[in-house]
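# Structural overview
Read off the chains here:
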Amino acid sequence: MLDINIKSKQYENTTIIKELSLKVEKSQFLSIIGPSGCGKTTLLQMISNLDKNYLGDIFLDKKDMSSINIGFMFQDSRLIPWLTIYENILLVSKSKDEEAIVDALIEVGLEDYINSYAKELSGGMQRKVALVRAFINKPEVLLLDEPFISLDYPTAQALRNLLLKFYDKYNPTVIFVTHNLKEAISLSNRVVFLDKKPLKIIYDYKIETDLFYSLEDPNIDKIKENLLNKYPNILSGKLDTN
Amino acid sequence: MPNKTRVISIFAIFIFWEILALLISSDTFPSFIEVTKSLFFHLSQGELIYHLFITLGRVFIAFVIAMSIGVFFGILMGTYKKLDNLLDTLLIIGLNIPALVTIIICYIWFGLTDTAALLAVIINKVPTVIVTVREGARTVEQKYMQIAYVYKISKFETITKVYLPQIYPYIMASARTGLSLIWKIVLVVELLGRSDGIGFQLSMFFQFFDITSIMAYSMAFIIVILLIETCILRPLEKRANSWR
């Protein structure tokens, strides 16, 4: 269980987060949707221990996050440009198992780019590498900060499928930040809607069915419409009903 | 390897020199051929090689020490704002003290010794390395450091594979300018207070008004520095930038 209890998080004299409590079950795929600037990225940075400047605590099974094996995909692929694709993965790999790295790159179809630099790859390919990197250590917690933003639909879709494939294989606890409600419904077991200033949970939506595997699934549209009919402004952080 | 234009430009300089010497036709402006002859003469006497190695040794030691201190403080000052504020005035003073003043002061304080000579060169060079490397440390991208942190990469790998490669171009730039600055100062240091090295020899030839030998010695030294630059520093820089 990932247990997030934040009393207060300040940034330049503004309270971004106040009294936030969020429990995420082991291996749950949780999506977070909220208006821009509500502090979603900050929250991920706090969970990953990149940002320790807050009051409160975050634990995974009572263990401090500094000891947890974490995978993180940022909004940009964030590959290190002076290392080859292979070296990028090797750098973060704990086992330094060269064969496993090559196998993972083959699995995502990048066997011809193992010794290329990031700039030689398209945006979609770079995200694939970032995805492989995020999973290479079999993470207990996977943090995804709008990882498929600014990609065309087929590329994003291919990456979502890869993400689900790896998720099924390693079963990490996932926190997925997105703006795309359909994407959130299609991938997750649970969607948490947020409001800003300070960040708070306005609606916690559990999806009862198993994972959907395609954005085209008509059930997704149905769930989305039901939600938006009930709470038309939920995406901008308002829970007023019709 | 030197490319075609580079070779052509070197030849053009030699031809221009030769023609100019013919036109002026004065004892104080020896021709290229005379200088080359003198160069071979001094080489055959063995004393050129001896003094060349003495000077190169000094350049090497001063270079290594100045680069190490400069890189160390450059990184610290680029990373920690408070330390930067504390040392910045000192740095500006260091940048603006004339080389000659440091040399004279070092000789007076520490005597006409090799240590004093090297110290003077190092004091002159360190501030310029700090300035360049500090600029590099300021441009280090936090987003890559975050990768190192999130994935709990060891301190050693974080420094060698994530941090230093970002500063490497700045270190290389200061190394290249550093080499040329250092050898110029080393010659002055030798001229003022040593009894060996190229600088000392130049001062001797100056007293005899032996301009041909002065030019021959200068030529030998410039060739060596060009070789170091072409065969060591430039390939190193090229390798470091291969990913760009």
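Numbering of residues starts from 1 in every chain and runs along the sequence as written. Working convention: letters from A go to chains and numbers from 1 go to ligands, in the order in which they are written. Local features in a predicted model are, by the rule used here, given only for residues with pLDDT of at least 70; side-chain atom pairs are given and counted only at 80 or more, and totals for whole chains, interfaces and linings are based on all residues.

### Concerning the overall build of chain B
- Note on conventions: DSSP H or I runs of at least 4 residues are helices, E runs of at least 2 residues are strands, and numbering of each starts at the N terminus. A tally of regular secondary structure across chain B gives ten helices and zero strands.
- In chain B, the succession of α and β elements from N to C terminus is α-α-α-α-α-α-α-α-α-α.
- C-alpha extents for chain B along the principal axes are approximately 70 × 50 × 30 Å.
- Looking at chain B as a whole, 33% of its 244 residues qualify as buried.
- We call two residues in contact when the distance between their C-beta atoms, placed using the backbone, is within 7 Å. Taking the intrachain contacts of chain B between residues at least 6 apart in sequence as the baseline, contacts between residues at least 24 apart amount to 74%. Backbone-placed C-beta atoms define the burial measure: a residue is buried with 20 or more other C-beta atoms within 10 Å of its own, exposed with 12 or fewer, and partly exposed in between.

### Notes on the environment of Asp51 of chain A
- One can find Asp51 of chain A in the loop between helix H1 (40-47) and strand E4 (55-60).
- Setting aside anything within four residues of it in sequence, one finds Asp51 of chain A in contact with Thr42, Gln45 and Met46 of chain A.

### Description of the confidence of the model for chain B
All names here are of chain B.
- In the predicted model, chain B carries a mean pLDDT of 91, and the fraction of residues at 70 or more is 99%.
- In the model of chain B, helix H10 (residues 211-240) stands out as the element of lowest mean pLDDT, 88, in contrast to helix H3 (residues 47-79), which has the highest, 95.
- Here the predicted complex scores 0.80 on pTM and 0.87 on ipTM. A residue's pLDDT is the predictor's confidence in that residue, given on a scale from 0 to 100.

### With respect to the interface of chain A and chain B
- Counting residues at the interface gives twelve residues for chain A and 13 residues for chain B.
- Mapped onto the side of chain A that touches chain B, the elements with two or more residues apiece are strand E6 (70-73) and helix H2 (85-92) of chain A.
- Ten residue types, Ala, Val, Leu, Ile, Met, Phe, Trp, Tyr, Cys and Pro, are classed as nonpolar, four, Asp, Glu, Lys and Arg, as charged, and the remainder, Gly among them, as polar. Of the residues assigned to the side of chain A that touches chain B, the class counts are ten nonpolar, one polar and one charged.

### Thoughts on the environment of Ile85 of chain A
All names here are of chain A.
- Looking at the element boundaries, Ile85 is found in helix H2.
- Taking the number of C-beta atoms within 10 Å as the measure of exposure, Ile85 has 25 and is therefore buried.
- Considered as a pair, Ile85 and Asn115 are 30 residues apart in the sequence and their alpha carbons are 6.0 Å apart.
- Not counting chain neighbours up to four residues away, the residues in contact with Ile85 comprise Leu105, Leu110, Tyr113, Ile114, Ser116 and Val129.

### Comments concerning the pairing of strand E1 (residues 2-11) of chain A
Residue and element names in this part refer to chain A.
- For two strands to count as paired, DSSP must find a minimum of two bridges between them. Two strands pair when backbone bridges link them, and E1 and strand E2 (residues 14-24) are joined in this way by nine bridges, in the antiparallel orientation. Paired with Ser8 across the bridge in E2 is Lys18.
- Between E1 and E2, which pair antiparallel and follow one another directly, the connecting turn spans two residues, one of which, Glu12, has a positive phi of 45 degrees.

### Here's the deal with the domain arrangement of chain A
All names here are of chain A.
- Domain limits in this description derive from either an automatic procedure or a database domain assignment. Structurally, chain A comprises domain 1 (2-69 + 139-236) and domain 2 (81-137).
- In this assembly, twelve residues from domain 1 lie in contact with nine residues from domain 2.
- Ranked by the residues each element gives to the side of domain 1 that touches domain 2, the list is headed by helix H5 (residues 153-170), at six residues.

### A closer look at the sheet that holds strand E5 (residues 63-64) of chain A
- Within the open sheet, the four strands sit side by side as E2-E1-E4-E5 (chain A). Their pairing is antiparallel. Of all strands in the sheet, those with a lone pairing partner are E2 and E5 of chain A, marking the two edges.

### Things to note about the environment of Val108 of chain A
Residues and elements named next belong to chain A.
- Positionally, Val108 belongs in the loop between helix H3 (98-107) and helix H4 (123-135).
- For Val108, a count of 20 C-beta atoms within 10 Å gives the class buried.
- In the structure, Val108 is positioned 51 residues away from Leu159 in sequence and 9.2 Å away in space, judged by C-alpha atoms.
- If we ignore the near neighbours within four places in the chain, the residues touching Val108 are Lys128, Leu131, Val132 and Leu162.

### Focus on H3 of chain A
Residue and element names in this part refer to chain A.
- If you check which residues of H3 are buried, you get Ile101, Ala104 and Leu105. Relative to the axis of H3, the buried residues are bounded by an arc of 100 degrees and lie together on one face. Structural note: H3 exposes Glu99, Asp103 and Ile106 on the side pointing more than 90 degrees away from its buried face.
- Residues of H3 that are buried sit in contact with H2 and H4. Comment: arc refers to directions from the helix axis out to C-beta atoms.

### A word on the packing of H3 of chain B against helix H8 (residues 155-193) of chain B
Residues and elements named next belong to chain B.
- The contact between H3 and H8 brings their axes to 9 Å, and the two run at 140 degrees. Comparing the axis directions of H3 and H8 gives the class oblique. Note on packing geometry: the crossing formed by H3 with H8 is right-handed. Residues Thr55, Arg58, Val59, Ala62, Phe63, Ala66, Met67, Gly70, Val71 and Ile75 of H3 form the contact with H8, whose own contacting residues are Ile167, Ile171, Ser174, Ala175, Gly178, Leu179, Ile182, Trp183, Val186 and Glu190. In this analysis, axes come from line fits to C-alpha atoms, helices being fitted only over the stretch in contact, and the angle between any two N-to-C directions falls in the range 0 to 180 degrees. Just so you know how the angles are binned, under 35 degrees is roughly parallel, over 145 roughly antiparallel, 65 to 115 roughly perpendicular, and the rest oblique. Each crossing gets its hand from how the near helix is turned against the far one by less than a right angle, where anticlockwise is left-handed and clockwise is right-handed.

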